Structure formats: C-alpha cells, structure tokens
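Overview (structure and organization)
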Amino acid sequence: MKGKFVVSVLLAAGVSVAAFAEVTSLRGDQEIGANNEVATIKQVPKKQDRLALDYVNQPPLIPHSTDQVQINPSNNGCLECHDVDKYRKAGAPRVSPTHYMDRDNKMLGDVAPRRYFCLQCHVTQADAAPMVENTFEPAGKFGE
Ligand code: HEC
Ligand code: HEC
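This is a predicted model, so every value here is computed, not measured. (Residues numbered from 1 in each chain as written. Chains lettered and ligands numbered in written order. Predicted model: local features only at pLDDT ≥ 70, side-chain atom pairs only at ≥ 80, totals over all residues. Heavy atoms only, no water.)

Topic: the coordination of the iron atom of ligand 2
Around a metal, the idealised angle for a tetrahedral arrangement of four donor atoms is 109.5 degrees; for an octahedral arrangement of six donor atoms it is 90 or 180 degrees. Note on the iron atom of ligand 2: its protein donors are H99 (NE2) and H122 (NE2). The metal-donor distances range over 2.0 Å. Seen from the iron atom of ligand 2, its six donor atoms lie at angles of 88 to 179 degrees, and the figure they make is octahedral. With H99 in the segment after α3 (87-90) and H122 in the segment after α3, this pair connects stretches of sequence that are 23 residues apart. For the pair H99 and H122, one class covers both residues: buried. (Donors = N, O, S within 2.8 Å, 3.2 Å for Na, K, Ca; no water. Tetrahedral: all angles 85-135°; square planar, octahedral: opposite > 155°, others 65-115°. Helix = DSSP H or I, 4+ residues; strand = E, 2+ residues; numbered from the N terminus. Buried < 20%, exposed > 50% of the residue type's maximum accessible area, 1.4 Å probe, protein only.)

Description of the packing of aromatic side chains
Scanning the entire structure with this criterion turns up two aromatic pairs. Aromatic side chains Y116 and F117 sit 5.2 Å apart centroid to centroid with 80 degrees between the ring planes, which places their arrangement in the edge-to-face category. Owing to a relative accessible area of 17%, Y116 belongs among the buried residues under this scheme. (Phe/Tyr/Trp six-rings, centres within 6.5 Å; stacked < 30°, edge-to-face > 60°.)

So, the coordination of the iron atom of ligand 1
For the iron atom of ligand 1, the full set of protein donor atoms is H64 (NE2) and H82 (NE2), at a range of 2.0 Å. In this structure, the iron atom of ligand 1 is surrounded by six donor atoms whose angles at the metal cover 87 to 178 degrees, and the resulting shape is octahedral. With H64 in the loop between α1 (2-22) and β1 (71-72) and H82 in helix α2 (residues 79-82), this pair connects stretches of sequence that are 18 residues apart. Here H64 falls in the partly exposed class, since its relative accessible area comes to 30%. Given a relative accessible area of 21%, H82 falls into the partly exposed group.

Here you go:
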C-alpha cells in the first residue's frame, strides 16, 4: 500500500515536470526579472491601391488602416466616407445597394442592420504570413 502511494506521487511529479517543460508563457522562456521582449505588431499600410478580388462576390479588402475608425450603435465611422450621401465628397467607393437591402431584399432607407458592422466581412490587410495554410483555388477567370 505504502509502496503504491510513493509510486503514484512520483508519477504525478514526473508528469507535472514534463508539462511545465512544454509550456512556455507568453513572456517567453525568460528569467523572472529579465526584460520582456517587445512583441512586433503588424503594420497596416496607411494607404495602398485597392486590392484585386479572388472571387466574384468577395467583400473587397480594405486598402487603408481602420484602427482610428469607430463603429458603435450611434455612429459608424466607415459610413462617414462610404455612405451614398458622403462618398463623392470623401472620394471613397460607395457601399453598394446590397448594403441597403434586408434579408427579404427590401430596400431600406439606411444601411441594413445586417451590413452595419462592416468589419464582419471587410478586412484590413497587413503584411503578414498566413496563420494557417490556405489551399483556396479561385475558379474561372480568377484562377488563371
Ligand atoms: C476618411 C474616409 C474613409 C473612412 C473613414 C473609411 N474609408 Fe474605406 N476607403 C476610403 C477611400 C478614399 C478608399 C479608396 C482608396 C483607393 O482607391 O485607393 C476606401 C476603400 C475602401 C474599400 C475598398 C473598396 C473596393 O472596392 O476595393 C473598402 C472595402 C473600405 N474602404 C471599407 C472601409 C471600412 C469597413 C471602413 C470602416 C472601418 C472604412 N472603409 C473607413 C475612405 C475611407
Ligand atoms: C455581410 C457582409 C458585409 C457587411 C457587414 C458589409 N459588407 Fe460591404 N460588401 C460585401 C460584399 C459581399 C461586397 C461585394 C458585393 C456587393 O456589393 O454586395 C461588398 C462591397 C462593398 C464595397 C464596394 C462596393 C462596390 O460597388 O464595389 C464597399 C465600399 C463596401 N462594401 C463597404 C462596406 C461598409 C462601409 C460596410 C459597413 C457599413 C460594409 N461594407 C458592410 C459584404 C459586406
């Protein structure tokens, strides 16, 4: 009985030591008290040319940074430049009519709620390596 207890304690100790060896904290493998390495934040270009589409109905990629733009229930910073009554003055491409349609294709007077949170579909680009492998192959003329 006693021997069994000692063995299981040793096993438990061994397992937890092994687990510690594999886990590295976000700080990296550094001595306590040593200075942390500064993580690199990916840079979003302030402005670049509009980006090519990869398939017909793709939400176009955002060619500019968006970290200063606020979207909340009372204000949508994107629409300050992209809405149909603002885009000419701002020199921005306008939101297309689909953004005014509800799910029954009824045309509304304002951008439809389902299109209100722009960053759900449109994404800003940074010069970064893909986080997971992507084997997407566009069809038709996009694939040529
Ligand atoms: C200060 C004005 C301004 C604001 C605010 C702004 N944009 Fe833009 N956006 C532009 C301009 C100008 C372009 C066109 C850039 C070009 O042609 O090089 C553009 C381009 C785009 C495009 C590319 C469209 C295409 O057909 O390729 C998308 C998508 C877009 N913006 C989405 C957004 C979203 C989403 C937000 C809010 C998070 C936003 N923009 C906020 C001015 C703005
Ligand atoms: C549910 C996904 C979705 C949301 C949310 C959304 N979009 Fe789009 N957007 C698209 C798709 C898909 C397209 C391309 C096809 C189309 O026009 O419907 C597009 C096209 C655009 C274009 C290019 C239009 C053109 O004629 O080339 C602009 C600009 C744009 N969106 C801006 C916005 C802004 C600003 C918002 C937020 C108010 C927004 N979008 C919200 C999916 C979305």
